[in-house]
Amino acid sequence: MDVMNSIASGYGALKSAQLEQQYSISVQKKAMDAQELALQELQEMLPPSPYSFDVRA
């Protein structure tokens, strides 16, 4: 019975860690989406630049 409790406890801890990781990734994605939207709004507010450049690799 003790082995079963250990396995159940380990499984519960694993599921908890997976949920925490999924939540963290979800929050990071939301933050990245918000930053992308803020950058797009900022670019729309800026006047067009009279300068252009070409970059060659």
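None of these values were measured; they are calculated from a predicted model.

(A) Quick peek at the overall build of the protein. Counting secondary structure elements, the protein contains 1 helix and 0 strands. Seen along its three principal axes, the alpha-carbon backbone of the protein occupies a region of about 75 × 30 × 5 Å. The buried share of the protein, reckoned over its 57 residues, is 0%. Per element, the accessible surface of the protein, about 5,900 Å² overall, is 61% carbon and sulfur.

(B) Quick peek at a nonpolar patch on the surface. A cluster of nonpolar side chains, contributed by Leu 39, Leu 42, Met 45 and Leu 46, occupies part of the molecular surface with about 430 Å² of accessible area. Within the secondary structure, Leu 46 sits in the segment after helix H1 (2–45). Given a relative accessible area of 53%, Leu 46 falls into the exposed group.

Cut-offs and rules
Residues numbered from 1 in each chain as written. Predicted model: local features only at pLDDT ≥ 70, side-chain atom pairs only at ≥ 80, totals over all residues. Heavy atoms only, no water. Helix = DSSP H or I, 4+ residues; strand = E, 2+ residues; numbered from the N terminus. Buried < 20%, exposed > 50% of the residue type's maximum accessible area, 1.4 Å probe, protein only. Areas by Shrake-Rupley, 256 points an atom, 1.4 Å probe, with all protein chains shown as cover. Patch = residues over 30% accessible without salt bridge, like charges linked within 9 Å, V, L, I, M, F, W, Y side chains within 5 Å. Salt bridge = Lys/Arg side-chain N within 4 Å of Asp/Glu carboxyl O.

Scope: geometric values only; no functional claims are made or implied.
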